[in-house]
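Here is how the chains run, residue by residue.
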Amino acid sequence: MRSGILSAALAFLCWGLFPIYFHALGDVPPVQILAHRVLWSLGFLLVVLALRRQWKWLSLVRQPRVFWSFAASALLLSANWLVYIWAVKNGHVIEASLGYFINPLVNIMFGYLLLKERMRPAQWGAIAIAALGVGWLTWQSGSVPWIALVLAATFGAYGLLRKTAALGALEGLSFETMVLFPFAAAYVGWLSVTGDNAFVNAPLDATRILLILAGPITAIPLLLFATGARKIPLSILGLLQYLSPTIQFLLGVWLFHEAFSSERLVGFLMIWAALALFAGEGLLRSRTAKTS
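Residues numbered from 1 in each chain as written. Predicted model: local features only at pLDDT ≥ 70, side-chain atom pairs only at ≥ 80, totals over all residues. Heavy atoms only, no water.

Colleague: In this structure, what is going on with the side chain of Arg37? I would like to understand it.
Modeller: With respect to the secondary-structure elements, Arg37 resides in helix α3 (residues 30-52). Glu176 is the oppositely charged side chain nearest to the buried, salt-bridge-free Arg37, at an N-O distance of 10 Å. Once you skip the residues sitting within four places of it in the chain, Arg37 turns out to touch Phe18, Phe22, Trp81, Ala214 and Thr218. (Helix = DSSP H or I, 4+ residues; strand = E, 2+ residues; numbered from the N terminus. Buried < 20%, exposed > 50% of the residue type's maximum accessible area, 1.4 Å probe, protein only. Lys, Arg positive; Asp, Glu negative; His and termini not counted. Salt bridge = Lys/Arg side-chain N within 4 Å of Asp/Glu carboxyl O. Contact = heavy atoms within 4.5 Å.)

Colleague: Looking at this structure, how should I read the nonpolar core?
Modeller: Side chains of a nonpolar character, in soluble globular proteins, are inclined to be buried together. With 46 residues, the main nonpolar core has Phe22, Leu25, Tyr84, Leu151 and Phe175 as its most contacted residues. Elements with a contribution of two residues or more to this core: α2 (18-24), α3, α4 (64-89), α5 (93-114), α7 (146-163), α8 (169-194), α10 (205-212) and α11 (214-229). With 11 residues, α4 is the largest single contributor of residues to this core. Residues in contact with Phe22, not counting those within four places in the same chain, are Ile33, Arg37, Tyr84, Ile85, Val88 and Lys89. Counting residues in hydrophobic clusters, the runner-up holds 22 residues, among them Leu98, Ile102, Ala148 and Leu275. (Core = buried A, V, L, I, M, F, W, Y, C linked by side-chain atoms within 4.5 Å.)

Colleague: I'm lost on the packing of aromatic side chains in this one. Help?
Modeller: The description of two aromatic rings rests on the distance between their centres and on the angle between their planes. Tallied over the entire structure, the rule returns 23 aromatic pairs. Here Phe12 and Trp15 contribute two aromatic rings whose centre-to-centre distance is 5.5 Å and whose plane-to-plane angle is 70°, an arrangement assigned as edge-to-face. Placement of both Phe12 and Trp15 in helix α1 (residues 2-16) is noted, with a separation of three residues, approximately one turn of the helix. By relative accessible area, Phe12 is classed as buried at 7%. With centroids separated by 5.8 Å and ring planes inclined at 50°, the aromatic side chains of Trp15 and Phe225 adopt a geometry described as tilted. Here Trp15 is found in helix α1, whereas its partner Phe225 is found in helix α11, with 210 residues between them in sequence. Given the relative accessible area of 25%, Phe225 is considered partly exposed. Through a chain of ring-to-ring contacts, the aromatic side chains of Phe18, Tyr21, Phe22, Tyr84, Tyr100, Phe155 and Tyr158 assemble into a single cluster. The cationic tip of Arg37 hangs over the ring face of Trp81; the distance from NZ or CZ to the ring centre is 3.9 Å. (Phe/Tyr/Trp six-rings, centres within 6.5 Å; stacked < 30°, edge-to-face > 60°. Lys NZ or Arg CZ within 6 Å of the ring centre and 35° of its normal.)

Colleague: How should I be thinking about α4 in this particular structure?
Modeller: The periodicity of an α-helix, 3.6 residues per turn, causes residues three or four places apart in sequence to face the same way. Under the 1.5 Å per step criterion, the end-to-end length of α4 is 37 Å for 26 residues, consistent within 8% with the ideal 38 Å. Within two residues after α4, Gly91 carries a phi angle of roughly 75°, on the positive side. (Expected span 1.5 Å × (residues − 1).)

Colleague: I'm lost on the pattern of salt bridges in this one. Help?
Modeller: Here the idea is simple: oppositely charged side chains can pair when their charged atoms come close. Taken as a whole and judged by the stated rule, the model has three salt bridges. Across the pair Glu176 and Arg162 runs a salt bridge, and its minimum N-O distance is 3.3 Å. Of this pair, Glu176 sits in helix α8 while Arg162 sits in helix α7, and the two are 14 residues apart along the sequence. For the salt bridge of Asp205 with Arg208, the shortest nitrogen-to-oxygen distance reads 2.9 Å. Of this pair, Asp205 and Arg208 are both found in helix α10, three residues apart, which corresponds to roughly one turn of the helix. Taking the relative accessible area as the measure of exposure, Arg208 reaches 23% and is therefore partly exposed.

Colleague: Would you take a moment to explain the environment of Ile236 for this structure?
Modeller: Within the fold, Ile236 resides in helix α12 (residues 234-240). Here the alpha-carbon distance between Ile236 and Leu251, two residues 15 residues apart in the chain, equals 24 Å. The contact partners of Ile236, leaving out residues within four places of it in the chain, are Met1 and Ile5.

Colleague: Before we go on, may I ask you to explain α10 in this structure?
Modeller: Along α10, the residues that are buried comprise Thr207, Leu210 and Leu211. Angularly, the buried residues of α10 cover 100° about the axis, an arc narrow enough to put them on a single face. Looking at the buried side of α10, the elements it contacts are α2, α3, α9 (198-201) and α11. (Arc of directions from axis to C-beta.)

Colleague: Would you mind showing me how to read the packing of α3 against α4 here?
Modeller: At their nearest, the axes of α3 and α4 sit 9 Å apart, and the two run at 135° to each other. Taken together, α3 and α4 sit at an angle that is classed as oblique. The way α3 lies across α4 gives a crossing that is right-handed. Two secondary-structure elements touch here, α3 through Pro30, Val31, Ile33, Leu34, Arg37 and Val38 and α4 through Ser78, Trp81, Leu82, Ile85, Trp86 and Lys89. (Axes fitted to C-alpha atoms, helices over the stretch in contact; angles between N-to-C directions. Parallel < 35°, antiparallel > 145°, perpendicular 65-115°, else oblique. Left-handed = near helix turned anticlockwise from the far one by under 90°.)

Everything listed here is a matter of coordinates, which is why it stays silent on function.
Here's what the structure looks like:
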């Protein structure tokens, strides 16, 4: 249990610190960062798979249903990565954190709408309160918090596809990066021909090193998460997942000094109250089930 909690907590800690990494990449455009992330992630994952001699899963992806399922999840994952990178690079870390705060509630709605799962009264209440919070933020700012909603929707849909996927976390991410590899490689190749490849043109070696590190930075938290998820109850895992957006939120406020007015705080408080209701009801049900 302790090693599982430590592994999962380290995974969420790494994800929470992602804004620092993307900020450190300076003027590298978001699309280029995404392309290099795909390329170096695949390279790192292939090394891991080779060391573990874990190749049997390749026979599964020949099945059309498995292939197209992961092609769809790869598209959602790349969209999520691109929007997140763009948000961080353009000073929207706080709104990006909001997307991952509301993601569990989006997952519930997807389960209700697409999987016909039953929703309990407390879950309906949590979603209603969160909707009020999003509505307040929209009214207060004069625009829909689209970054948060896109991140929550794409990651929620991605999670829905992976929930019934035929491959595990490591194999799934490996195949998703394989699907994205030709597009990323073609784009980086075109940038190299036109002289716009940031990896080649970077004035500092640090930029090249950071782009290469996109591989392990992407894969290692996923492996830690997969290890931890097998060892701890879902109730604990559900609480630990709030560590990542909390760190991102604090970085946005204290490190990057993004604007955060008292009016905006009201909307966040509504969403945090919704999450407290959701998490509290889940813990109560879990304890009741154990004692019965």
